[in-house]
Structure formats: C-alpha cells, structure tokens
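# Analysis of the macromolecular model
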Amino acid sequence: MHEMSIAMNIIDIAIEQAKKEKADRIVEVELEIGTLAGIEFESLNFAMEISVKNTMLEKSAIHINKIQAIAECIDCGKRFKTENLFNNCQKCKSYNTKLIKGKELKVKSIVID
Ligand SMILES: [Zn+2]
C-alpha cells in the first residue's frame, strides 16, 4: 500500500524534528493533503494508525487537513473546484487551465513538548 510508506515518511519527519528540538513528546502533527495528491484518505488514516505504534507518535493527535483541489482558467481567470487534473473551465469552457491547489502532501506543523 502506497499510503503505508507515506505514513512512515511522515512519522520519520516528525520524529526527526522532535529530536532536533530535544523534545520528549510529540503532541500533535498536522498534515496538509490535497484531494489530487493521489492519496486515499481512508487508507492513510489506517496506515497512520498502524505505523505510529511503538513510536513517539503513538499518543499524538494527528490531524489531516484535506485541501480541496482548485483549478484556474488561464484565459478568463475563473477559479473552480475540481476533482481531476485536467479540466475545462466551467465558465468559458477553455482547456487552458492550471491546477493551483490540491497536490499538497506535507507536514504543516508539529507541536512538541
Ligand atoms: Zn475560462
């Protein structure tokens, strides 16, 4: 499962950060994940639950912020929600659009003690 390696990667980042700050405990980890990041949210939740066992994150609160994908039309400037990488503009129907949000996959913040 692709989400499992992502979960482990997130945990590594958090622990590395905590060690750098000489913290004993990680209270909270906040993630930002775009709806077009290629992540199954349910699988990631499940993967996180399993992967945190016996790590510093076992008792940490893990928040996953879902970032709604937004595309922008280059021709008319209209911004719209999207569930696909390639779309045409909802207003002028142009295919000249770009994704401006929705591919995030990052640790936004870590609260340590
Ligand atoms: Zn347009």
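An account of the accompanying structure is given in this report. Predicted model only: the values in this text are computed from it and were never measured.

## So, the nonpolar core
- Within the largest apolar cluster, 19 residues are counted, with the highest numbers of intra-cluster contacts made by Ile26, Val29, Leu44 and Leu57.
- Counting only elements with at least two residues in this core, the list comes to α1 (2-20), β1 (26-34) and α2 (41-51).
- Element by element, the count of residues in this core is highest for α1, at seven residues.
- Those residues in contact with Leu44, other than ones at most four positions away along the chain, are Glu3, Ile6, Ala7, Ile33, Ile39 and Ile64.

## Remarks on the coordination of the zinc ion
- In this structure, Cys73 (SG), Cys76 (SG), Cys89 (SG) and Cys92 (SG) serve as the protein donors to the zinc ion, at separations of 2.3 Å.
- Geometry at the zinc ion is tetrahedral, judged from its four donor atoms and the angles of 104 to 116° they form at the metal.
- Counting residues between consecutive donors of the zinc ion along the chain gives the motif C-x2-C-x12-C-x2-C.
- Exposure remark for Cys73: the relative accessible area of 1% places this residue in the buried category.

## A look at the side chain of Thr97
- With respect to the helices and strands, the residue Thr97 is situated in strand β5 (residues 97-101).
- At a separation of 3.0 Å, a polar atom in the side chain of Thr97 contacts the main-chain carbonyl oxygen of Asn87.
- Thr97 has contacts with Glu72, Cys73, Ile74, Phe80, Asn87, Asn88 and Cys89, leaving out every residue within four places of it along the chain.

## Notes on the sheet that holds strand β2 (residues 61-67)
- Strand order in the open sheet made by the three strands is β2-β1-β6, with mixed pairing throughout. The two strands at the open ends of the sheet, each matched to only one other strand, are β2 and β6 (105-112). Averaged over neighbouring strand pairs, the angle between their axes works out to 15° when direction is ignored.
- Packing against the sheet, α1 makes contact with β1 and β6, and its axis sits at approximately 40° to β6.
- Across the sheet, α2 lies against β1 and β2, angled at about 165° from β2, the strand it touches most.

## Section: unusual backbone geometry
- Even without glycine at this site, Lys22 takes up a positive phi of about 55°.
- With respect to the helices, strands and loops of the structure, Lys22 is situated in the loop between α1 and β1.
- On the basis of relative accessibility, which here comes to 72%, the residue Lys22 falls in the exposed class.
- The residue Asn54 is not glycine, and still its phi comes out positive at about 65°.
- Here Asn54 shows up in the loop between α2 and β2.
- Since its relative accessible area comes to 73%, Asn54 is described here as exposed.

Calculation rules
- Residues numbered from 1 in each chain as written.
- Predicted model: local features only at pLDDT ≥ 70, side-chain atom pairs only at ≥ 80, totals over all residues.
- Heavy atoms only, no water.
- Core = buried A, V, L, I, M, F, W, Y, C linked by side-chain atoms within 4.5 Å.
- Buried < 20%, exposed > 50% of the residue type's maximum accessible area, 1.4 Å probe, protein only.
- Helix = DSSP H or I, 4+ residues; strand = E, 2+ residues; numbered from the N terminus.
- Contact = heavy atoms within 4.5 Å.
- Donors = N, O, S within 2.8 Å, 3.2 Å for Na, K, Ca; no water.
- Tetrahedral: all angles 85-135°; square planar, octahedral: opposite > 155°, others 65-115°.
- Polar contact = N/O pair within 3.5 Å; in protein donor to acceptor, adjacent residues only side chain to side chain.
- Pairing = 2+ DSSP bridges.
- Axes fitted to C-alpha atoms, helices over the stretch in contact; angles between N-to-C directions.

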